Amino acid sequence: QVETLKAKLLEQAQEISRLRSELGGTDAEKHRDLLAAENERLRQEMKACEGELRELRRQQQQQAPCRDCPHLQENARLQEQLSQLQREAEETRAKLVELDLEVQQKTNRLAEVELRLKDSLAERAEEEERLSRRLRDSQETIANLKSQPQQIKYIIKTVEVESAKAKQALCETQSRNQYLQEQVGMQKQVLKEMEQQLQNCQKTEAQLRAQIMMYEAELERAHGQMLEEMQAMEEEKNHAIEEAFSRAQVEMKAVHENLAGVRTNLLTLQPALRTLTHDYNSLKRQVRDFPLLLQETLRSARAEISQAIEEVHSTNRELLRKYRRELQLRKKCHNELVRLKGNIRVFGRVRPITKEDGEGPEAANAVTFDADDDAVLHLLHKGKQVSFELDKVFPPQASQEEVFQEVQALVTSCIDGYNVCIFAYGQTGAGKTYTMEGTAANPGINQRALQLLFSEVRGKAADWDYAITVSAAEIYNEALRDLLGKEPQEKLEIKLCPDGSGQLYVPGLTEFRVQSVEDINKVFEFGHVKRVTECTNLNEHSSRSHALLIVTVRGLDRSTGLRTTGKLNLVDLAGSERVGRSGAEGSRLREAQHINKSLSALGDVIYALRSRQGHVPFRNSKLTYLLQDSLSGDSKTLMMVQVSPAEKNTSETLCSLKFAERVRSVELGPVSRKAELASWPSQEHLEGDSPGSAAPHGRGHASPSPGQLSSRSASIRRKLQTSG
Ligand code: ADP
Ligand code: MG
């Protein structure tokens, strides 16, 4: 075996050296060397050619201008040759590059082969090493075997025979052994891992044990605590039971006591119950008897009532008789009172100083009053004081209300069937319209009178039926016109009633029935609108005409069938001022004459009435003729004389006050009546009267004994005041 191995080794060494020599001289290497030499040669050739070319160019430059000379041809030929050579060189160069590339590839391949060779050499050396080791082992074995006797030769032979088998078996065993060792290694690894796991498990176990111990201790502690608590609760429970028991005992005792009380109460209540039952029974009996009793009582009551009614009837009859007698008596008394008071009364009203009066001495106040006597006023005229006495004087501060209070008795007498006239007399701007109409916020006599009539009529509505109607008329230049009619321009006539009663009436004069203040307002507004639309200047016009509001109150006493008719005439007279005697002309003069005439006529009529003359000149003016039935008989008249207190108006104020005093003084005695009879002044006379002539007489201008007169009138007034 050893021999063959040695021979093999030798063989392989020889092979290696052969391969080496083979590698040293390949065809490619030879080819490459050849090409490199060729390349070098060509390069040198090219260099030589370039040198030649340079030489030729230089020569050409030197002999430049020669045409068609043999040199030129030569040159061209040479140049051609040159370019050809250059082309060849180019081709050769490309070939050279190709070859270079090829050489490079070959060199790479060579390096590769060399590397492979090195590897196989190393392998071989290893193999060699292994083989030599085995050889040594084998030699040892052989030496051992040699030292053994004959049998060994047999064994050797056997061995030699079995060697191949053994070798194979060895090989298998080795491979098996290796496999087993690998297995053992793997098992060891597994074992190690398992040990590791075991350790971990032990650690965890120890931890868990410690925890269990801890929990056990905790449990023990909790158990102990619980036991303690249970003990405490048990004690508490016992305690509570004891307490409840003792409380229940106490309560029980109280209940027992109560029970005893209730028992005694029950015993005392029994007699009361007995009496109640008794009462109830007796009441029941009474209820049963009640209807009979009631019937009896009703019968007697009815008889009593009818008797009482009979008595009341007779008393009523008696009373009615007495009432009628009283009514007549009252009328008689009233007439007497009116007679005593005088059918014609004269009031004075002084308006306040207004802005219209201007400023300075002209607007100074010229009127003063007597603090103790409200019937007296003093006028300062041209430096002298003149005093006048009327029935009553209203100072500037007197309100509409106060003024109305003084006239309301007159107004109500209209309900009883009396005719009443209220005149506002005075110069323009003295406050006539203010007193009669007033303002919307502060109404005058007109509205207040109607309101009073309404409320009085309402108060008597139980026994009386009343109808109130109003008419409004105007007298301008002695022409009478209807302010509520459809034809305000139409002049109306005053006629005697055809029934022969001697009554006057105005055919065509519109009458409105009014039932409330609202109705009145509508009528007033309507009348105003008429006046405004008819005249360009209402103030101017109103001061030149008499405005009349005629209120008629017709009543029926339902119980007696008595009928009454009363008329209330509210007259806002035309301005009483004197128009300058020389200044006025035409229509102005005509107006002035008409006003003068009608106011004089009014004065005449009043005079005649108060002096009880047989003839009263009613027909002298439209105004007096129209008011005839309201001025005569037992009619009542109030003259409200309006004056301005301003210094500039004193002469007009004086005239107005004289008129007032004369009207008032007429009735006061037969002597004065007679005296006045001849001297009743016309408006013209009033104008002519100088204030000086009035002054020396003081109050009571025209009477022969003024002092006596004034004292008489004052005493009458006082009487009236005390008699209510
Ligand atoms: P007449 O109608 O007499 O021409 P008015 O009634 O028109 O006069 O009054 C003239 C002015 O004086 C009006 O502006 C009116 O309001 C005012 N006047 C009159 N009397 C009073 C009074 N008693 N209180 C306040 N103002 C008055
Ligand atoms: Mg007026």
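Residues numbered from 1 in each chain as written. Chains lettered and ligands numbered in written order. Predicted model: local features only at pLDDT ≥ 70, side-chain atom pairs only at ≥ 80, totals over all residues. Heavy atoms only, no water.

For the chain, the name recorded in an unreviewed UniProt entry is Kinesin-like protein, with Drymodes brunneopygia as its organism. As stated in UniProt under Function (unreviewed entry), the record for the chain gives "Minus-end microtubule-dependent motor protein. Involved in apically targeted transport. Required for zonula adherens maintenance." Regarding the chain, the relevant UniProt record gives this comment under Sequence similarities (unreviewed entry): "Belongs to the TRAFAC class myosin-kinesin ATPase superfamily. Kinesin family." (UniProt positions renumbered as here; feature names shortened; annotations may be inferred.)

A. View of the site of ligand 1. Taken together, the residues surrounding ligand 1 are Arg349, Arg351, Pro352, Gln427, Thr428, Gly429, Ala430, Gly431, Lys432, Thr433 and Tyr434. In the model, an oxygen atom of ligand 1 is placed 2.6 Å from a nitrogen or oxygen of the Thr433 side chain. The contact in question runs from an oxygen atom of ligand 1 to an N or O atom on the backbone of Tyr434, over 2.7 Å. Relative to its unbound accessible area of 550 Å², ligand 1 is 71% covered by the protein chains. (Near = heavy atom within 4 Å. Polar contact = N/O pair within 3.5 Å; in protein donor to acceptor, adjacent residues only side chain to side chain. Areas by Shrake-Rupley, 256 points an atom, 1.4 Å probe, with all protein chains shown as cover.)

B. Up close: the sheet that holds strand S4 (residues 384–389). In space, the three strands of this open sheet follow the order S2-S3-S4, with antiparallel pairing throughout. A single partner strand is all that each edge strand has here, and the edge strands are strand S2 (367–369) and S4. Direction aside, neighbouring strands of the sheet carry axes that sit 25 degrees apart on average. (Pairing = 2+ DSSP bridges. Helix = DSSP H or I, 4+ residues; strand = E, 2+ residues; numbered from the N terminus. Axes fitted to C-alpha atoms, helices over the stretch in contact; angles between N-to-C directions.)

C. Looking closely at the pairing of strand S15 (residues 636–643). Most of S15 sits inside the fold, with eight of its eight residues counted as buried. By the alternation rule, side chains of S15 split into Lys636, Leu638, Met640 and Gln642 and Thr637, Met639, Val641 and Val643, which are all buried. Here strand S1 (residues 344–350) pairs with S15 via seven bridges, running parallel. In the strand pairing of S15, Ile344 is matched with Thr637. One ladder, built from seven bridges, connects strand S6 (residues 420–426) with S15; its direction is parallel. Its bridge partner being in S15, Ile422 is matched across the sheet by Leu638. (Buried < 20%, exposed > 50% of the residue type's maximum accessible area, 1.4 Å probe, protein only.)

D. Broad picture of the pairing of S4. Of the strand pairs in this sheet, strand S3 (residues 376–381) and S4 are connected by six bridges, and their pairing is antiparallel. Within S4, the residue paired with Val376 across the bridge is Glu389. Turn length for the S3-S4 hairpin, with the two strands adjacent in sequence and antiparallel, is two residues, and the turn residue Lys382 shows positive phi of about 50 degrees.

E. A nonpolar patch on the surface, seen in detail. The grouping of Phe290, Leu293, Leu294 and Leu298 at the surface amounts to a nonpolar patch, some 390 Å² of accessible area in total. One can find Leu293 in helix H4 (residues 150–341). Residue Leu293 is classed as exposed on the basis of its relative accessible area, which comes to 57%. (Patch = residues over 30% accessible without salt bridge, like charges linked within 9 Å, V, L, I, M, F, W, Y side chains within 5 Å. Salt bridge = Lys/Arg side-chain N within 4 Å of Asp/Glu carboxyl O.)

F. A look at the side chain of Ser630. Within the fold, Ser630 resides in helix H12 (residues 628–631). Apart from residues lying up to four places away in sequence, Ser630 is in contact with Asn419, Cys421, Lys567, Asn569, Ser635, Lys636 and Thr637. (Contact = heavy atoms within 4.5 Å.)

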